[in-house]
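Report on the structure
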Amino acid sequence: EDIDDQALSTLFTCLHAYTPSLRSLVLNCSFCTKLGDGAAPTGFASHLEALNLSFQFCTKITDYMSNAIANALPGTVQDLYLNFSGCTNLTAQGAFVPLAKALPSALRNFELNISEVPCAKRAEQIIEKRLEECQGIRSVIHRSDRMVGTLRLQEELDKSRTKTPPVEGTSVVRLPSIVSS
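Below is a short write-up of the structure. A quick note: this is a predicted structure, and the numbers were derived from the prediction, not measured. (Residues numbered from 1 in each chain as written. Predicted model: local features only at pLDDT ≥ 70, side-chain atom pairs only at ≥ 80, totals over all residues. Heavy atoms only, no water.)

1. Focus on the sheet that holds strand β5 (residues 138-142)
- Strand order in this open sheet of 5 strands is β1-β2-β3-β4-β5, and the pairing throughout is parallel. Single-partner strands in this sheet number two, and they are β1 (24-28) and β5. Neighbour-to-neighbour, the strand axes of this sheet turn through a mean angle of 5°, independent of strand direction.
- Pairing between strand β4 (residues 109-113) and β5: 5 bridges, direction parallel. By the bridge assignment for β5, E111 is matched with V140.
- Along the sheet face, helix α4 (residues 120-133) touches β4 and β5 and points at about 175° away from the line of β5. (Pairing = 2+ DSSP bridges. Helix = DSSP H or I, 4+ residues; strand = E, 2+ residues; numbered from the N terminus. Axes fitted to C-alpha atoms, helices over the stretch in contact; angles between N-to-C directions. Contact = heavy atoms within 4.5 Å.)

2. Points about the nonpolar core
- Core analysis: the largest hydrophobic core is formed by 50 residues, its most contacted members being F55, F84, F96 and F110.
- Every element with two or more residues in this core is listed here: α1 (5-18), β1, β2 (50-54), α2 (63-72), β3 (79-83), α3 (92-102), β4 and α4.
- A per-element tally of this core places α3 first, with 6 residues.
- Sequence-distant contacts of F96, that is, excluding residues within four places in its chain, are made with F84, L90, T91, L112, I114, C119, A123, I126 and I127. (Core = buried A, V, L, I, M, F, W, Y, C linked by side-chain atoms within 4.5 Å. Buried < 20%, exposed > 50% of the residue type's maximum accessible area, 1.4 Å probe, protein only.)

3. Details of the side chain of D63
- Within the secondary structure, D63 is located in helix α2.
- One buried charged residue, D63, forms no salt bridge at all, with the nearest opposite charge on R122 at 13 Å.
- Looking at D63, its side chain comes within polar contact range of the side chain of T91, at 2.5 Å.
- Ignoring sequence-local partners within four residues, the contact set of D63 consists of N89, L90, T91, G94 and A95. (Lys, Arg positive; Asp, Glu negative; His and termini not counted. Salt bridge = Lys/Arg side-chain N within 4 Å of Asp/Glu carboxyl O. Polar contact = N/O pair within 3.5 Å; in protein donor to acceptor, adjacent residues only side chain to side chain.)

Spelled out as structure tokens, the structure:
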């Protein structure tokens, strides 16, 4: 809860500058009510393969943060988990159109939690349209008004993960499912 824009901005700057070979990053800023757009990343490690960012109920975050994340995504990301649940200042056009366009071609697993986001239904349509253009991406989109279908999709995804062995030389990251009601 004590993380603010300056603290996260400093962390992003240091990670980008001093860990260029970083392959996986998990950052949970859930319920950091002081956190806003001033913490937006300017870049991630160029070899990053797995990125898990949670901004659950960071209510000061706007489209600017989503755009910054989209612009900072390296093309090497294979596993992407983003949690914007409860971020009520995001808009479909401003936050999710740029994010959809920025999804890396290397992406294989994508999970997006947009529960309790006012534009969740439209955002899901935007992201799903982009995912249809991509081949071979396993995806789950969480929306509070569609939780039963989401749970079914999660079960199918979990089953497919256990049946499909990882391709040699790639990383498989099992991302946690966050379900909010």
